[in-house]
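Structural description and commentary
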Amino acid sequence: MMTQSHFLVSGLLAHGLRRRELDVRVPAFLVGSVAPDLPLTLLTVWFYYVPLGGLASTHDDLFGPLYDQYFFEDPFWIVSHNTLHAPLVLIALILVGRALTRRGLGLGPALAWFAIAALLHSAIDVVTHVQDGPLLFFPFEWSYRFPAPVSYWDPRHGGAVFSRVEWGLDLAIVAYFLVFWWREWRRGAS
């Protein structure tokens, strides 16, 4: 799933949870929904400008064998990308957040909600990445990735259909929020 879709789905979920009067820390939840993708995004920008000298003119030039070598074999890339995608790390962060909350420390709830959103992000990625999904047992095991049934990007594994569905979902969520905010504005104006 694309990063903005993770953000929109998490926003919708946070909205629903708040309407059910759960004390969701929305900013932490929204940051957690995109944080797992930020290291790879920064590394990809670096990769485009440094090793390729800004010469990648097509998707295949950018996401080719050299990029795959970094993604699958370079320890810095593996750690950077998988730390906030790793279910074990995220569950540990949730437990730390809950422990801090029980001790009355203000950071606890935000940390827990951040990690819950990142875990949701990772769970979605596990089932939408055929070969390039999160390392499930990272940091203890550095190679196993669940062979998902569908790819959000690869047309050989349903990516063309998935991307249309994903864009439709994104538009539906944006439309929902626009209607919701418009109704709230009208209610406040009257």
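Residues numbered from 1 in each chain as written. Predicted model: local features only at pLDDT ≥ 70, side-chain atom pairs only at ≥ 80, totals over all residues. Heavy atoms only, no water.

A closer look at the pattern of salt bridges
Inspection of the entire model under this criterion finds three salt bridges. D23 is the salt-bridge partner of R25, the closest N and O atoms lying 3.1 Å from each other. Put simply, D154 and R156 hold a salt bridge, and the shortest N to O gap is 2.6 Å. (Salt bridge = Lys/Arg side-chain N within 4 Å of Asp/Glu carboxyl O.)

Describing the side chain of H129
Tracing the backbone through its elements, the reader meets H129 in the loop between α8 (107-128) and α9 (159-189). Discounting chain neighbours no more than four positions away, the residues touching H129 are M1, F146, A148, V150 and Y152. (Helix = DSSP H or I, 4+ residues; strand = E, 2+ residues; numbered from the N terminus. Contact = heavy atoms within 4.5 Å.)

Regarding the packing of helix α7 (residues 87-102) against α8
Across the interface, α7 lies against α8 with an axial gap of 7 Å and an inter-helix angle of 160 degrees. In this view, α7 runs roughly antiparallel relative to α8, as classed from their interaxial angle. α8 is crossed by α7, and the crossing has left-handed handedness. Contacts between α7 and α8 involve P87, L90, I91, L93, I94, V96, G97, R98, L100 and T101 on the former and, on the latter, L107, G108, P109, L111, A112, A115, I116, A118, L119 and S122. Across the contact of α7 with α8, the residue classes tally to 15 nonpolar, four polar and one charged. (Axes fitted to C-alpha atoms, helices over the stretch in contact; angles between N-to-C directions. Parallel < 35°, antiparallel > 145°, perpendicular 65-115°, else oblique. Left-handed = near helix turned anticlockwise from the far one by under 90°. Nonpolar A, V, L, I, M, F, W, Y, C, P; charged D, E, K, R; others polar.)

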